[in-house]
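Architecture at a glance
Read off the chains here:
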6 protein chains.
Amino acid sequence: MRHDGRTADRGRDVTIETDYLLHPEGSVLISVGNTKVICTASIEERVPPFLRGSGQGWVTAEYSMLPRATGQRTHRESSRGKVGGRTMEIQRLIGRAMRAVVDLEALGERTVWIDCDVIQADGGTRTASITGAFVAMSMAVAKLVSEKELKKFPIRDYLAAVSVGKTEEGMLILDLDYVEDSAAAVDMNIVMTGAGEFVELQGTGEEATFTRQEMNALVELAEVGIQRLIEIQQDALGSIHEQIKQKESDEA
Amino acid sequence: MRHDGRTADRGRDVTIETDYLLHPEGSVLISVGNTKVICTASIEERVPPFLRGSGQGWVTAEYSMLPRATGQRTHRESSRGKVGGRTMEIQRLIGRAMRAVVDLEALGERTVWIDCDVIQADGGTRTASITGAFVAMSMAVAKLVSEKELKKFPIRDYLAAVSVGKTEEGMLILDLDYVEDSAAAVDMNIVMTGAGEFVELQGTGEEATFTRQEMNALVELAEVGIQRLIEIQQDALGSIHEQIKQKESDEA
Amino acid sequence: MRHDGRTADRGRDVTIETDYLLHPEGSVLISVGNTKVICTASIEERVPPFLRGSGQGWVTAEYSMLPRATGQRTHRESSRGKVGGRTMEIQRLIGRAMRAVVDLEALGERTVWIDCDVIQADGGTRTASITGAFVAMSMAVAKLVSEKELKKFPIRDYLAAVSVGKTEEGMLILDLDYVEDSAAAVDMNIVMTGAGEFVELQGTGEEATFTRQEMNALVELAEVGIQRLIEIQQDALGSIHEQIKQKESDEA
Amino acid sequence: MRHDGRTADRGRDVTIETDYLLHPEGSVLISVGNTKVICTASIEERVPPFLRGSGQGWVTAEYSMLPRATGQRTHRESSRGKVGGRTMEIQRLIGRAMRAVVDLEALGERTVWIDCDVIQADGGTRTASITGAFVAMSMAVAKLVSEKELKKFPIRDYLAAVSVGKTEEGMLILDLDYVEDSAAAVDMNIVMTGAGEFVELQGTGEEATFTRQEMNALVELAEVGIQRLIEIQQDALGSIHEQIKQKESDEA
Amino acid sequence: MRHDGRTADRGRDVTIETDYLLHPEGSVLISVGNTKVICTASIEERVPPFLRGSGQGWVTAEYSMLPRATGQRTHRESSRGKVGGRTMEIQRLIGRAMRAVVDLEALGERTVWIDCDVIQADGGTRTASITGAFVAMSMAVAKLVSEKELKKFPIRDYLAAVSVGKTEEGMLILDLDYVEDSAAAVDMNIVMTGAGEFVELQGTGEEATFTRQEMNALVELAEVGIQRLIEIQQDALGSIHEQIKQKESDEA
Amino acid sequence: MRHDGRTADRGRDVTIETDYLLHPEGSVLISVGNTKVICTASIEERVPPFLRGSGQGWVTAEYSMLPRATGQRTHRESSRGKVGGRTMEIQRLIGRAMRAVVDLEALGERTVWIDCDVIQADGGTRTASITGAFVAMSMAVAKLVSEKELKKFPIRDYLAAVSVGKTEEGMLILDLDYVEDSAAAVDMNIVMTGAGEFVELQGTGEEATFTRQEMNALVELAEVGIQRLIEIQQDALGSIHEQIKQKESDEA
């Protein structure tokens, strides 16, 4: 039994509130237990220098935490004058994950900027960010289609992320909260598509190691968790669901 | 008649949602029309170097906007590696304003960190930040009292802020939204106490000037607006209201 | 009686030495009591990106203090690698103030750079900077006219600034020096035009507040002080005075 | 057949030249094909603030590439004034990996600084860095033992890293060089111990995805590659090998 | 004949105005032709970390130019967020030069901060800075003696600097102004003591070279120039001259 | 007798290993005793803004030390976020020295980037960098000629550098190692051409001074040292030697 009463294979409650903000082309507030992240998607009608003239689009992400998203106040990266390694790692991961399901040529020469701002943190902020960002991005891109800026919907499949881990006692668990994450011996973040394929798999022993058998068991826990998240994304996306399915079958 | 149907002396709808976040000692979400700011107050049990050993406390503030708080995405100050002049100006103003109503000796050698994060901007973000921050700070400080960390409540009076301005056509108006602010000839931000005294008055002609008569009329508009904000603060603060009143009469 | 023998409504001795430096298009050394600021105006034949192609010009300002302008040596902002909040606030104020009296369309697509470098500080450096910068800017712009780069003189009116304040004992005084400024309960900086209109009004209670009546009395003190400064500017500007008057009557 | 004639499961030639530099406590030049990295380990007799007084040691790493390690000259991070996201990601990975096999309590309150400087890059610089850094660290720590600074050798097991990947044509290959890495659909970096347990597993689809079956096949390729690297490390370490084996059996 | 009518071995007019500023312990305005530098010396009662507890003092220097010291406005190093290579080179030179004539043990554990701020530049700003800084430093240190903070005057000898150079036509000249400096084939800066010994000699061919014979002729020109500067320093220092002579004979 | 048995006028053993790295257009590993520097030359087909359209090329240099090039680990300049004064001074010196022997017009509108990375430091890193960089640059430029990118070889003469110094005991010595350099009273770095002319001469008293006679004796020591270095460069350059000689006689 876990400290909050969950079984090993049970994720936390998840809600995705769409159109959370007025200005962005796509925006959600995703809650995974007490973790809350505002994810927005903004369309910019140009691409980074290395893509100019290529006809291809780009997706990039930035991630941040409010100073009091955490139990102890953390210093703002703007005040310190630089972005830390953890933040860089996370925002590179979010961008890379999104690009895996976007047909960048179909997107055309424009950039989707993903912003994930954690307003409350209780473990799993990077996976919640990816799961929420996918919905925000889908909404922003669907808007381009409905406004005839894009002829075809360019997103190929669903994409969600979850963490799994091994406790110090050796229990394998799904969707770690902060208390569990701080004490975990192994921590693994997995990003998968609706088709059940991997986009990213990052397993880390925290001054510890893990066996191949444990790796396989962790992956299985994650698969269950991600399927449930994708159902919640479907509900949140409403009619956009059809567009994703259509793109998927076009590709196949 | 104003573009949103308000009369010249009418402020926008204001709500203050208290205990908005789980971790901070005090937190609110303040909405002033479409402007939404998360204000938190954090207690740190030490003071900046220049106050060490003085027995006196400190209040300081940081302010930021999410990239898509605005119609066009703005770059993060953390990514650019420095805090801009506008941000510095605002956070210095918020800190200074708070300190005007706090008995820093009664606070003891601790710092109240105010964080104002604008999640949606539609004009008046600095005045909404001050109005919300006062509530968050009062809650954090009341918690110190209820936990016996502080013997006496150290806040002397209410504090709220509003903007007033002169349109290009010469109309004087209360509580400008973004559309009005962008076009205003004169912009004035006023911070006042519950007793109706000024803490800060910043009037600026935007490539324009204003007369003494106009200044007086603007100040009168602001007084009305601020009284209404203080009533909303009272409702939000509930039983803490009595503590402020007690401190006020102790001081008198 | 004040510590240096001045009456409450008496400003310090002011001198403005024009053509102080060899290279700038306009330059002065302004002394206000022991406060000494070198103000220069430089013409650059281009504008910031947001104005390109608009036919309109710009005025911007930078402000700095030599390390030993002050009683204790202060660290250079260049060595610390960033410009502090106080500096940013002041240089934004100087630029905004200048723009209020310049017809930016008549200036054409060029930028006037104002540099204010405090070589000796004894209170009132920002107001001395504004008063001196106006003279330097007028000289630089007059040079453009005399060299036929500009057809019409684009400055509409005089502009000067002064500080007023309330002492801890409640006395209202004009033109605070460092000793008075450090101890003041209320500090107000006022920028006005030759026509007696406000360009900027910034009143701040330093852990204190002020009433409407006090505000009015402070403004009256400032009006007297500014009229005197404008007379000194007129003397310094010599024949350029006629050009300002001509522009003023053209506008009227 | 691969572009350089290797079979899918064949790693490149590896050499580890020990005591490569005069000053560091441990140093190697590791060559993996044309990839060459100088790895040094330095002992500092203090720990970061969060460990002071804990009796526990620390291992941390920094990584850099010479500007012409690459085909095109890259800008120095020192000249640009900040460390990029890729560099941060890699140096965090190296440090975390090392810590997984070090008994930090047995190390005592001292820090091992790992520096990995790539002098020539041809793919796999991060895995070569880990493999080389392990040898440099072991030598530096063995020196502490031989100088009686440490009573017991604190490293529990061997540690090495390799990359595996999937080509665009779907072939799974071991130890990608630059040409292969640039074109790969899936890229996976794996860090393992001598006992064959995982320390880190990072698989990334580059605008592509991978199945569970592919993941398993990639992991198997990596296991083969890492065993060979550990044999080369053993040869390089000479008599230190006994100390690692002793620590391993003490722990078991 | 030179462009300003000087003969090859003639330096420009030099004036040194002492006690130029109110606050610093020592300050001068030095003018060398049209080059004008404010040099100040500040005493700080502590030393950098590497000297703490050594009983020895330190002298360090900072150098800067006002944006319009030059014909074209240069960007402020504070706004650009970093100090350029030329500035660093010059301030390191000034500090090193000063230390060559100060008995750092006799100075005791305190730092002399030298600040050289060029308000007008016309060639030779680094040599004017050294010549002026020596006077400011001597005054600051003499003040320590007269206030009984120091028992013995710690400066051993005079110190001054001058530039010499070779024109494109091969003429060897003393004390180059900006026009000459810009066109010079060889530029040499020489710092010497009152006793005629070298402290620093920096000769540079600007896309050109120089022979041993030319080097010797340049050094002879410099010797003449420096003797004249030291006489001007003596006049400026007045009674402090005796203290330097006394220290000199004590040392001998 | 010196601490390592050398006579006063004897330089350390020097080797220059050419084509040390795979990717750069020119690269060497130069060893001067225990000092080892990787010098590379990279060709970039554009010039800095101030030369665009001039038809003229440019040579610029960057210098760095690995953290454990030294006895104590030094912090990376990339991690500290800025390049220090010593580094700037050295890289400016290297670039300037190279330009003195390159016919920049004959080079055409391209930049030669010199990178000097010290992997092991034992005194004289800047002079070893210059001596090695000359060889790397010559190789890169010869490659442009052999690939018909350049019609004529643009390097006019050999260029090498050495340090000389005065010990505390007054002995004048050639090519100081770290132990000697740390204790030297006078330190002089000299850059000369094959024709025996000076390009740069930097003599510094370290809290000490030197006479004209000592200066002359030091220069003579340097001349001997440099001649020997140029012979070693000739051997390293092989057939490129003829190209330099040809250019030299063309110029004459």
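Residues numbered from 1 in each chain as written. Chains lettered and ligands numbered in written order. Predicted model: local features only at pLDDT ≥ 70, side-chain atom pairs only at ≥ 80, totals over all residues. Heavy atoms only, no water.

**Some words on the overall build of chain A**
Heads up, the rule is: Runs of E in the DSSP output that reach at least two residues are strands. Runs of H or I that reach at least four are helices, and both are numbered from the N terminus. What sets the accessible areas is the Shrake-Rupley method with a 1.4 Å probe; for residues, cover comes only from the shown protein chains.
Check the secondary structure of chain A and you find seven helices and nine strands. Surface exposure of chain A reaches about 9600 Å², of which carbon and sulfur atoms provide 46%.

**Things to note about the pattern of salt bridges**
Put simply, the test is: Between Lys or Arg on one side and Asp or Glu on the other, a salt bridge is scored when a side-chain nitrogen of the former is within 4 Å of a carboxyl oxygen of the latter. Burial status follows relative accessibility: with a 1.4 Å probe on protein chains alone, a residue under 20% of its type maximum counts as buried, one over 50% as exposed, and anything between as partly exposed.
Inspection of the entire model under this criterion finds 144 salt bridges over all chains. The partner of arginine 212 of chain C in a salt bridge is glutamate 220 of chain B, with the nearest N and O atoms 2.6 Å apart. One end of the pair, arginine 212 of chain C, is in helix H6 (residues 212-237); the other, glutamate 220 of chain B, is in helix H6 (residues 212-237), on a second chain. Overall, the relative accessible area of 43% leaves glutamate 220 of chain B in the partly exposed class. Here aspartate 115 of chain F and arginine 73 of chain D are joined by a salt bridge, their closest N and O atoms 2.7 Å apart. Taken together, the positions of aspartate 115 of chain F in strand S5 (residues 111-120) and arginine 73 of chain D in the loop between strand S4 (58-65) and helix H1 (77-80) put the pair across two chains. Residues joined by salt bridges that share partners form a network here, namely Arg2, Asp4, Arg6, Arg12, Asp122, Asp175 and Glu180 of chain A.

**Overview of the relation of the copies chain A and chain D**
To keep things clear, this is the line we draw: Least-squares superposition of the copies uses the C-alpha atoms of those residues scoring a pLDDT of at least 70 in each of them. Should any heavy atoms of two residues lie within 4.5 Å, those residues are counted as being in contact.
If you rotate chain A by 180° and push it 0.0 Å along the axis, it lands on chain D with an RMSD of 0.0 Å. Taken together, these values place the two copies in the relation of a two-fold axis. Across chain A, the rotation axis passes nearest the C-alpha of glutamine 202 of chain A, at a separation of 2.2 Å. A shared binding surface is used by both copies, with 100% of the interface residues of chain A retained as interface residues in chain D.

**Considerations on the sheet that holds strand S5 (residues 111-120) of chain D**
Two pairing modes exist for strands in a sheet, parallel and antiparallel, and in both the strands are linked by backbone hydrogen bonds. Residues and elements named next belong to chain D. Where we set the bar: Strands pair, by our definition, only if DSSP identifies at least two bridges between them. Fitting a line to C-alpha atoms yields each axis, with helices limited to the stretch in contact; the angle taken between N-to-C directions then spans 0 to 180 degrees.
Here we have five strands laid out as an open sheet, ordered S1-S2-S3-S5-S4, and mixed in their pairing. Strands with a single pairing partner mark the edges of an open sheet, and in this sheet they are strand S1 (14-18) and S4. On average, adjacent strands in this sheet sit at an angle of 20° to one another, irrespective of strand direction. In the sheet, strand S3 (residues 35-44) pairs with S5 via nine bridges, with the strands oriented antiparallel. By the bridge assignment for S5, serine 42 is matched with tryptophan 113. Along the sheet face, helix H2 (residues 85-99) touches S4 and S5 and points at about 145° away from the line of S4. The sheet strands contacting helix H4 (residues 125-146) are S1, strand S2 (26-32), S3, S4 and S5, and the helix crosses S3 at an angle near 35°.

**Comments concerning the pairing of strand S9 (residues 198-205) of chain F**
The buried count for S9 of chain F comes to eight of eight residues, which makes it a mostly enclosed element. Bridge analysis of strand S9 (residues 198-205) of chain E against S9 of chain F gives five bridges, and the strand direction is antiparallel. Bridging across to S9 of chain F, glutamate 200 of chain E finds its partner in threonine 204 of chain F. Sheet topology places strand S8 (residues 186-193) of chain F next to S9 of chain F; seven bridges connect them, and they run antiparallel. Counterpart to isoleucine 190 of chain F in the pairing with S9 of chain F is leucine 201 of chain F.

**Examining the interface of chain A and chain D**
Our working rule: The quantity reported as buried area is the accessible area (1.4 Å probe) lost by two parts once they are put together, taken as the sum for both. As a working rule, the residues Ala, Val, Leu, Ile, Met, Phe, Trp, Tyr, Cys and Pro are called nonpolar, Asp, Glu, Lys and Arg charged, and the rest polar, with Gly in that last group.
Residue-level contacts link 34 residues of chain A with 34 residues of chain D. Roughly 3100 Å² is buried in total at the junction of chain A and chain D, and carbon and sulfur atoms are behind 49% of that figure. Contact with chain D buries surface across chain A, with Phe198, Glu207 and Arg212 of chain A losing the most and accounting together for 22% of the total. At the boundary of chain A and chain D, one finds six salt bridges. Within the residue set of the side of chain A that touches chain D, elements represented by two or more residues are helix H2 (85-99), strand S9 (198-205) and helix H6 (212-237) of chain A. With eight residues, S9 of chain A is the largest single contributor of residues to the side of chain A that touches chain D. Looking at the side of chain A that touches chain D residue by residue, the class counts come to 12 nonpolar, 11 polar and 11 charged.

**Some remarks on the UniProt feature "domain: Exoribonuclease phosphorolytic" (unreviewed entry) in chain A**
Formally: UniProt positions are given in the numbering used here, feature names are shortened, and annotations may be inferred rather than shown by experiment.
The UniProt entry lists residues 11-140 and 157-223 of chain A under the feature "domain: Exoribonuclease phosphorolytic" (unreviewed entry), expressed in the numbering used here. With 30% helix and 31% strand, the stretch residues 11-140 of chain A has end C-alpha atoms that lie 28 Å from each other.

**Looking at helix H7 (residues 240-251) of chain A**
An α-helical segment advances 3.6 residues per turn. Residues three or four places apart therefore align on the same side. Residues and elements named next belong to chain A. Note the threshold: How far a helix is expected to stretch is found by multiplying one less than its residue total by 1.5 Å. Each C-beta atom gives one direction from the helix axis, and the arc is the one those directions make.
Under the 1.5 Å per step criterion, the end-to-end length of H7 is 17 Å for 12 residues, consistent within 8% with the ideal 16 Å. Of the positions making up H7, those classed as buried are Ile240, His241, Ile244 and Lys247. Buried residues of H7 fall within an arc of 130° about the axis and therefore sit on the same side.

**Side note on the sheet that holds strand S3 (residues 35-44) of chain A**
All names here are of chain A. Spatially, five strands are ordered S1-S2-S3-S5-S4 in an open sheet, and the strand pairing comes out mixed. Two strands lie at the open edges of the sheet, namely strand S1 (14-18) and strand S4 (58-65), each paired on one side alone. Here the strands of the sheet are splayed against their neighbours by 20° on average, with no regard to which way each runs. In this structure, S4 lies alongside strand S5 (residues 111-120), joined through eight bridges in parallel fashion. When the bridges of S5 are listed, alanine 61 appears paired with isoleucine 114. Across the face of the sheet, H2 comes into contact with S4 and S5 while running at roughly 145° to S4.

**Describing the packing of helix H2 (residues 85-99) of chain E against helix H4 (residues 125-146) of chain E**
Residues and elements named next belong to chain E. Let me state the cut-off plainly: Oblique is the label for any angle not covered by the other classes, which are roughly parallel (under 35 degrees), roughly antiparallel (over 145) and roughly perpendicular (65 to 115). By definition, any crossing whose near helix is turned counterclockwise from its far helix by less than a right angle is left-handed, and any crossing with a clockwise turn is right-handed.
Interaxial distance between H2 and H4 falls to 10 Å at its minimum, and their mutual angle equals 40°. Between H2 and H4, the angle falls in the class oblique. In this structure, H2 crosses over H4, and the sense of that crossing is right-handed. Touching Arg86, Glu89, Ile90, Leu93, Ile94, Ala97 and Met98 of H2 are Thr125, Arg126, Ser129, Ile130, Ala133, Phe134 and Met137, all from H4. Here the contact of H2 with H4 is composed, by residue class, of nine nonpolar, two polar and three charged.

**Points about the pairing of strand S8 (residues 186-193) of chain D**
Residue and element names in this part refer to chain D. Counting buried residues in S8 gives eight out of eight residues, a clear majority hidden from the surface. With burial as the criterion, each face of S8 is covered, one bearing Val186, Met188, Ile190 and Met192 and the other bearing Asp187, Asn189, Val191 and Thr193. Summarising the sheet, strand S6 (residues 159-166) and S8 pair through eight bridges and their orientation is antiparallel. Along S8, the bridge assignment pairs lysine 166 with valine 186.

**Focus: unusual backbone geometry**
If a residue is not glycine, its phi is most likely negative; likewise, a peptide bond is most likely trans. A positive phi angle is found at aspartate 175 of chain A, which is not glycine, with a value near 60°. Take aspartate 175 of chain A: it is sitting in the loop between strand S7 (172-174) and helix H5 (178-183).

**Digging into the environment of aspartate 117 of chain C**
Put simply, the rule reads: What qualifies as a polar contact is a pair of N or O atoms within 3.5 Å, subject to a donor-acceptor requirement within protein and to the restriction that residues adjacent in sequence count only when both atoms come from side chains.
Residue placement: aspartate 117 of chain C occurs in strand S5 (residues 111-120). Separated by 32 residues in sequence, aspartate 117 of chain C and glycine 85 of chain C place their C-alpha atoms 17 Å apart. When sequence neighbours within four positions are dropped, the list of residues in contact with aspartate 117 of chain C reads Lys36, Val37, Ile38 and Ser64 of chain C together with Leu66, Pro67 and Arg76 of chain E. One polar contact links aspartate 117 of chain C to arginine 76 of chain E, side chain to side chain, over a distance of 2.9 Å.

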